[in-house]
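A closer look at the structure
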Amino acid sequence: MLGLMRHHSSVLRQVRVAPSMVRMFVTREVKDSAAWKLGRLNHVALAVSDLEQASTFWRDVMRAEKVSERVAQPEHGVYTVFVELGNTKIELLHPYGADSPIAAFLDRNKSGGIHHVCLEVSDIATALGALKANGVRPLSSEPKIGAHGLPVVFLHPKDCGGVLVELEEQPRT
């Protein structure tokens with residue numbers, strides 16, 4: 001067994017990965033900024049090639065109590081269906097139009113899959129400023145209004161360990 005492990009470790013040392021392919025977390029010294037709070041997981045978004053089939057699966061097979069109707073989001077190039085899970089949601093995403101980012105995702109991932117995770121924040125403008133100051137790149141210069149009618153911004157996956165992260169500002173109470 002030890003000989004096998006030595007063999008594998010020597011093989012692993014020989015593997016080289018191009019720097020452009022490496023997914024990283026931004027971890028340089030954190031610059032403190034105005035207070036903002038990271039909240040709960042709002043939803044996990046799944047890109048699906050068949051929205052009706054996916055909705056039926058979550059409603060009838062997985063027995064989710066609430067599966068929304070399909071809603072067109074032309075400004076984002078998607079149709080959405082939300083599956084309520086009690087403490088969070090699953091967002092089903094399907095392409096809306098030829099320029100849909102979900103169409104491009106499905107071209108690369110024929111069976112669909114996890115597209116992004118959405119986390120709640122207390123103040124999106126403050127969070128965005130602090131994240132930029134710490135080297136995290138947003139995919140847009142300003143937040144946009146998302147599927148829940150609240151400000152959202154996506155963070156570059158290469159700065160978030162290979163995960164596309166959406167931040168959604170929660171209403172102040």
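See the structure printed just above.
Residues numbered from 1 in each chain as written. Predicted model: local features only at pLDDT ≥ 70, side-chain atom pairs only at ≥ 80, totals over all residues. Heavy atoms only, no water.

What follows covers the environment of proline 101. Position of proline 101 relative to the elements: it lies in helix H3 (residues 101-108). Here the alpha-carbon distance between proline 101 and valine 78, two residues 23 residues apart in the chain, equals 8.0 Å. With near-sequence residues (within four places) excluded, proline 101 lies in contact with His76 and Gly77. (Helix = DSSP H or I, 4+ residues; strand = E, 2+ residues; numbered from the N terminus. Contact = heavy atoms within 4.5 Å.)

A word on a nonpolar patch on the surface. A surface patch of nonpolar side chains, about 280 Å² in accessible area, is lined by Phe57, Val61 and Met62. The topology assignment puts methionine 62 in the loop between helix H2 (51-61) and strand E2 (66-67). We classify methionine 62 as partly exposed; its relative accessible area is 47%. (Patch = residues over 30% accessible without salt bridge, like charges linked within 9 Å, V, L, I, M, F, W, Y side chains within 5 Å. Areas by Shrake-Rupley, 256 points an atom, 1.4 Å probe, with all protein chains shown as cover. Salt bridge = Lys/Arg side-chain N within 4 Å of Asp/Glu carboxyl O. Buried < 20%, exposed > 50% of the residue type's maximum accessible area, 1.4 Å probe, protein only.)

Mapped onto the elements, serine 140 comes out in the loop between helix H4 (124-133) and strand E7 (144-145). By relative accessible area, which is 18% here, serine 140 ends up buried. A distance of 3.0 Å separates a polar side-chain atom of serine 140 from the backbone oxygen of glutamate 142. (Polar contact = N/O pair within 3.5 Å; in protein donor to acceptor, adjacent residues only side chain to side chain.)

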